[in-house]
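Architecture at a glance
If you want the building blocks of each chain, they are given just below.
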Protein chains: 2
Amino acid sequence: MDLIPLAISLGDPAGIGPEIAAKAWAARAVQNLPPFFAVGDTRAIEAVWRGPMVRISDPSQAQEAFANALPVLEIENSGAISPGKPNLEGARNALEALELTVGLARAGRAGGVVTAPVSKAQLYAIGFTHPGQTEFIAERCGVSCENVVMMLAGGNLRVVPVTIHVPLAKVADLITADLIIAKARATVRGLQRCFGIDQPRLAVAGLNPHAGESGALGEEEIMIIAPAIAALAAEGFDVVGPVPPDALFTRRAIETYDAAICMYHDQALIPVKALYFDEGVNITLGLPIIRTSPDHGTAFDIAGQDKADPSAMIAAIRMAASAAHFRACA
Amino acid sequence: MDLIPLAISLGDPAGIGPEIAAKAWAARAVQNLPPFFAVGDTRAIEAVWRGPMVRISDPSQAQEAFANALPVLEIENSGAISPGKPNLEGARNALEALELTVGLARAGRAGGVVTAPVSKAQLYAIGFTHPGQTEFIAERCGVSCENVVMMLAGGNLRVVPVTIHVPLAKVADLITADLIIAKARATVRGLQRCFGIDQPRLAVAGLNPHAGESGALGEEEIMIIAPAIAALAAEGFDVVGPVPPDALFTRRAIETYDAAICMYHDQALIPVKALYFDEGVNITLGLPIIRTSPDHGTAFDIAGQDKADPSAMIAAIRMAASAAHFRACA
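A brief structural summary.

**Let's talk about the overall build of chain A**
Looking only at helices and strands, chain A has 12 helices and 12 strands in total. For chain A, whose C-alpha radius of gyration is 20 Å, the value lies close to the compact-globule estimate of 20 Å for 330 residues. Seen through its C-alpha atoms, chain A measures out along the principal axes to roughly 60 × 45 × 35 Å. Nonlocal contacts in chain A, meaning residues at least 24 apart in sequence, comprise 74% of its contacts between residues at least 6 apart. Carbon together with sulfur atoms contributes 50% to the accessible area of chain A, which is approximately 12000 Å² in total.

What follows is the structure in structure tokens.
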């Protein structure tokens, strides 16, 4: 079955999103990438790339156009385009591109969504009230954030942060057994549906140093995390923990599970980026659509200098296509 | 100048400490290790190792004995010895060994201290009120914990957690500009004195996801960490930050600094163990003595099965010797 072309939202026009999307297209043959089209401001691409580009007015034109040029569904942007120099018009443009892309996927007119990086600071400045793109997409898909899972994947490591874009000081108050259970269930379903893993093995991290050292360094493991794990095991899940956080990401440990359920953003992202920086992919599980994203930021500091590495974008495109394949087979 | 033999406290007698100390001795020629002697219960070694061992009554006998047998300064232990099964007598024995070892180093009768792992849960059960061995050693050396730095090193990565053995929920309240400054100063002095780095480059991590995203995800970067960095820069230190925590440990990022100042235990230890599990060393800076330790736990689950890997212990012995060398030259 042919894959419906994927839609790539270009993210902040002043970031590296336009460049890595274009470079991914240029690498389509070598990397054997499925058809995709970009959604955003064509000027942002022209500012950083000299390859062939074709404006499409409808996603149905993407499949044919893809062979010879990067297809772009234009989102008009009234602001100035200057790589590395974000502005509020660019943030609005990025948000519109994201919204349209998600809508196309929901309508079955895109096979999945790959989102290039946005600047959260810029989005907040235009009144964006979601913590990040993931939460926005969940709302647009009518799914509660609790049931949506942000999974980061690189190499053979997959991690799921239970809390995400919140201050570290608030993490302990936000962790509940119900939340851990909801995220673990969504992770298992996602690994089954999007990765073709029949019996996913989960490892759940502790919150505190040494997983609380029997309560001496924190009680969340005893009061919250261990009961959640027991409940999941009682449901028949293959799950271990709470594992001391610093023991969960050694090369040997990584081999023992299909996904690590982590308590907070950096517990999950530090190891993925340390081990697999150039190929880290963010995939959102629990949505009615497929959504992946390269696991890096806007990189304003190198935008427009032809320095951006498209590896993570390419990995994100490939993972979206693979997930679409498994979903179609399921 | 000949190095005074190093003293290795064997840690919990039921853990892997005795085994890795013995295996390090067995590898002394291949690994070109400096002379050392063990401090602890000889029965704990006999239970897991069949090589030659010699009881010494004074550290001065270690140098000569080291060539043909593992020298051991005995700490009597009234309890049962069973690898993998810790008991309270074992915890008392580990604590006595640690105390004697530190005393010998302070008296100049040991060239430095290498501490094998203890069980904090066991130590707490016998009334130990320090968060970990590091804090105990600091007190025994008459140094305020604030001025002592626990540095973890593996490969070319060195990390310093500003807070250590505290629940994650308390970290934000414990971080102060003064504390960061004190740890950074001690780190710089330690890198100069024990590693021979004249102009150490420091990178300071943020506390929150994305280093707070301009305040949207936490204000500690703005209120506490950035001012500490500015103060350090004003003192002439080579220091950057606050760096988003998940961006600080990519392979490229690691090349740009000599030590990363981290806000909490797992922010520092997750990347070291993910990248360099088998060779991670803990070195305490800011003490009047040299102290290193393999960066792993008691591993009760594999104790007594000849499975323990001595690589980190060997790296800890080597780092202690190297630090002693740089100190002697300074």
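The structure having been displayed, the exposition proceeds.
**Digging into the pairing of strand β12 (residues 291–294) of chain A**
Residue and element names in this part refer to chain A. On β12, burial covers both faces: Arg291 and Ser293 on one face and Thr292 and Pro294 on the other are all buried. By the bridge criterion, 2 bridges tie strand β5 (residues 113–115) to β12 in an arrangement that is parallel. Across the sheet, the residue bridging to Val113 is Arg291, located in β12. In this sheet, β12 lies alongside strand β11 (residues 281–285) in antiparallel orientation, the contact comprising 4 bridges. By the bridge assignment for β12, Val281 is matched with Pro294. Connecting the antiparallel pair β11 and β12 is a turn made up of 5 residues, with Gly286 showing a positive phi of about 95°.

**Here's the deal with the interface of chain B and chain A**
Each partner contributes to the interface: chain B provides 39 residues, whereas chain A provides 39 residues. In total, chain B and chain A occlude about 3400 Å² of area from one another, counting both sides; carbon and sulfur atoms represent 64% of this. Three residues stand out in chain B for area buried against chain A, namely Leu168, Asp246 and Ile270 of chain B, and they jointly supply 19% of the buried area on that side. Taken together, chain B and chain A are joined by 4 salt bridges. Residue Arg252 of chain A is joined to Asp278 of chain B by a salt bridge in which the shortest nitrogen-to-oxygen separation is 2.8 Å. Applying the counting rule to chain B against chain A returns 14 residue pairs in polar contact (both at pLDDT 80 or more).

**Quick look at the environment of Glu235 of chain B**
Residues and elements named next belong to chain B. With respect to the element layout, Glu235 can be found in the loop between α9 (220–234) and β9 (238–243). Considering only alpha carbons, one finds Glu235 and Arg185, 50 residues apart in sequence, at a separation of 9.7 Å. Engagement of the side chain of Glu235 in a polar contact is seen with the side chain of Arg185, the distance being 2.6 Å.

**Topic: helix α6 (residues 133–140) of chain A**
Residue and element names in this part refer to chain A. Counted residue by residue, α6 has 6 buried out of 8 residues, so it is predominantly covered. Every buried residue belonging to α6 is among Gln133, Thr134, Glu135, Phe136, Ile137 and Ala138, and all of these are buried. Where α6 is buried, its residues meet α4 (88–106), β5, β6 (149–154), β11 and β12. Two residues or fewer after α6 comes Gly142, characterised by a positive phi angle close to 70°.

**A few points about the nonpolar core**
Counting 141 residues, the largest nonpolar core has Phe36 and Met263 of chain A together with Phe36 and Met263 of chain B as its most contacted members. If near-sequence neighbours (up to four positions away) are discounted, Met263 of chain A is found in contact with Val162, Thr163, Val171, Ile175, Ile180, Val204, Ala205, Gly206, Leu207 and Ile225 of chain A. Residues Leu152 of chain A together with Ala203, Ala205 and Leu248 of chain B belong to the second largest nonpolar core, which totals 42 residues.

**Some words on the packing of helix α11 (residues 265–276) of chain A against helix α11 (residues 265–276) of chain B**
Following both chains from N to C, one finds α11 of chain A and α11 of chain B inclined at 35°, their axes separated by 9 Å at the closest point. The chirality of how α11 of chain A crosses α11 of chain B is right-handed. Contact with α11 of chain A, carried on its side by Gln267, Ile270, Pro271, Ala274 and Leu275 of chain A, involves Gln267, Ile270, Pro271, Ala274 and Leu275 of chain B of α11 of chain B and no other residues of that element. By residue class, the composition of the contact of α11 of chain A with α11 of chain B is 8 nonpolar, 2 polar and no charged.

**Quick look at the side chain of Glu135 of chain B**
Residue and element names in this part refer to chain B. Among the structural elements, Glu135 can be located in helix α6 (residues 133–140). Buried charge Glu135 goes without a salt bridge, the closest partner of opposite sign being Arg291 at 7.1 Å. A polar contact is formed between the side chain of Glu135 and the backbone nitrogen of Gly132, at a distance of 3.0 Å. If we skip the residues at most four places from it in the chain, Glu135 touches His130, Cys145, Ile164 and His165.

**Focus on the relation of the copies chain B and chain A**
After a rotation of 180° and a shift along the axis of 0.0 Å, chain B superposes on chain A with an RMSD of 0.0 Å. Both copies of the chain, as the preceding transformation shows, are related through a two-fold rotation axis. Looking at chain B, 100% of its interface residues are interface residues in chain A too, so the copies touch through the same face.

**Comments concerning helix α4 (residues 88–106) of chain B**
Residues and elements named next belong to chain B. The end-to-end C-alpha distance of α4, which contains 19 residues, comes to 27 Å, matching closely the 27 Å that a straight helix rising 1.5 Å per residue would cover. By the burial criterion, the buried members of α4 are Gly90, Ala91, Asn93, Ala94, Leu95, Ala97, Leu98, Thr101, Val102, Leu104 and Ala105. Packed against the buried residues of α4 are β1 (6–9), β2 (36–40), β4 (70–74), β5 (113–115), α5 (120–125) and α6. For α4, the N-terminal cap is Asn87; the gap from its side-chain oxygen to the backbone nitrogen of Glu89 is 3.3 Å. Of the residues trailing α4, Gly108 is marked for its positive phi of about 75°.

**Quick notes on the packing of aromatic side chains**
Under the counting rule described, the total for this entry stands at 7 aromatic pairs over all chains. Where Trp25 of chain B meets Trp49 of chain B, the ring centres are 5.8 Å apart and the plane angle is 80°; that geometry is what we call edge-to-face. Here the residue Trp25 of chain B occupies a position in helix α1 (residues 17–26), and Trp49 of chain B occupies one in the loop between α2 (42–46) and β3 (53–56), the gap between them amounting to 24 residues. Side by side, Trp25 of chain B and Trp49 of chain B carry an identical accessibility label, which is buried. Relative to Phe136 of chain B, the ring of Phe128 of chain B has its centre 5.7 Å away and its plane inclined at 40°; by these criteria the two rings are tilted. Taken as a pair, Phe128 of chain B and Phe136 of chain B share a single burial class, namely buried. Note that Arg28 of chain A overlies the ring of Trp25 of chain A, its terminal NZ or CZ placed 3.7 Å from the centroid.

Conventions and cut-offs
- Here the residue index of a chain counts from 1 through its sequence in written order.
- Chains carry letters and ligands carry numbers; both start at the beginning, A for chains and 1 for ligands, and go up in the order they are written.
- Under the rules for a predicted model, residues below a pLDDT of 70 receive no local features and side-chain atom pairs below 80 are neither given nor counted, while totals for whole chains, interfaces and linings still include all residues.
- As a rule here, side-chain values cover all heavy atoms of the structure and leave hydrogens and water aside.
- Under the scheme used here, helices are H or I runs from DSSP no shorter than 4 residues and strands are E runs no shorter than 2 residues, and both carry numbers assigned from the N terminus.
- The quantity called the radius of gyration is restricted to C-alpha atoms. Its globule counterpart is 2.2 Å times the number of residues to the power 0.38.
- In what follows, a contact means two residues having at least one pair of non-hydrogen atoms within 4.5 Å.
- Per-residue accessibility takes into account occlusion by the displayed protein chains alone, with areas from the Shrake-Rupley method and a 1.4 Å probe.
- The cut-offs for exposure are 20% and 50% of the maximum accessible area for each residue type, with area from a 1.4 Å probe on protein chains only; residues under the lower value are buried, those over the upper are exposed, and the others partly exposed.
- A strand pair is defined by DSSP finding two or more bridges across the two strands.
- Summed over both partners, the accessible area lost on bringing two parts together, with a 1.4 Å probe, is the buried area.
- We count a salt bridge whenever a side-chain nitrogen from Lys or Arg sits within 4 Å of a carboxyl oxygen from Asp or Glu.
- We call two N or O atoms a polar contact when they sit within 3.5 Å, provided that within protein one can donate a hydrogen and the other can accept it, with sequence-adjacent residues counted only if both atoms are side-chain atoms.
- Residues belong to a common nonpolar core when they are buried Ala, Val, Leu, Ile, Met, Phe, Trp, Tyr or Cys residues joined through side-chain atoms within 4.5 Å.
- The axes used here are C-alpha line fits, helices contributing only the stretch in contact, and every angle between their N-to-C directions lies in the interval 0 to 180 degrees.
- When the near helix sits turned anticlockwise from the far one by under a right angle, the crossing is termed left-handed; a clockwise turn instead gives a right-handed crossing.
- Classes in brief: Ala, Val, Leu, Ile, Met, Phe, Trp, Tyr, Cys and Pro nonpolar; Asp, Glu, Lys and Arg charged; the others, Gly included, polar.
- None of His or the chain ends enter the tally, which takes Lys and Arg as positive and Asp and Glu as negative.
- Superposition of the copies used a least-squares fit over C-alpha atoms from residues whose pLDDT is at least 70 in both.
- Here, expected helix span is obtained from the residue count minus one, scaled by 1.5 Å.
- Note on aromatic contacts: the rings of Phe and Tyr and the six-membered ring of Trp form a pair at centre separations within 6.5 Å, being stacked when their planes are under 30 degrees apart, edge-to-face when over 60 apart, and tilted otherwise.
- Working rule: Lys NZ or Arg CZ, within 6 Å of ring centre, within 35 degrees of ring normal, means a charge sits over the ring.

None of the figures reported here should be taken as evidence of function without further support.
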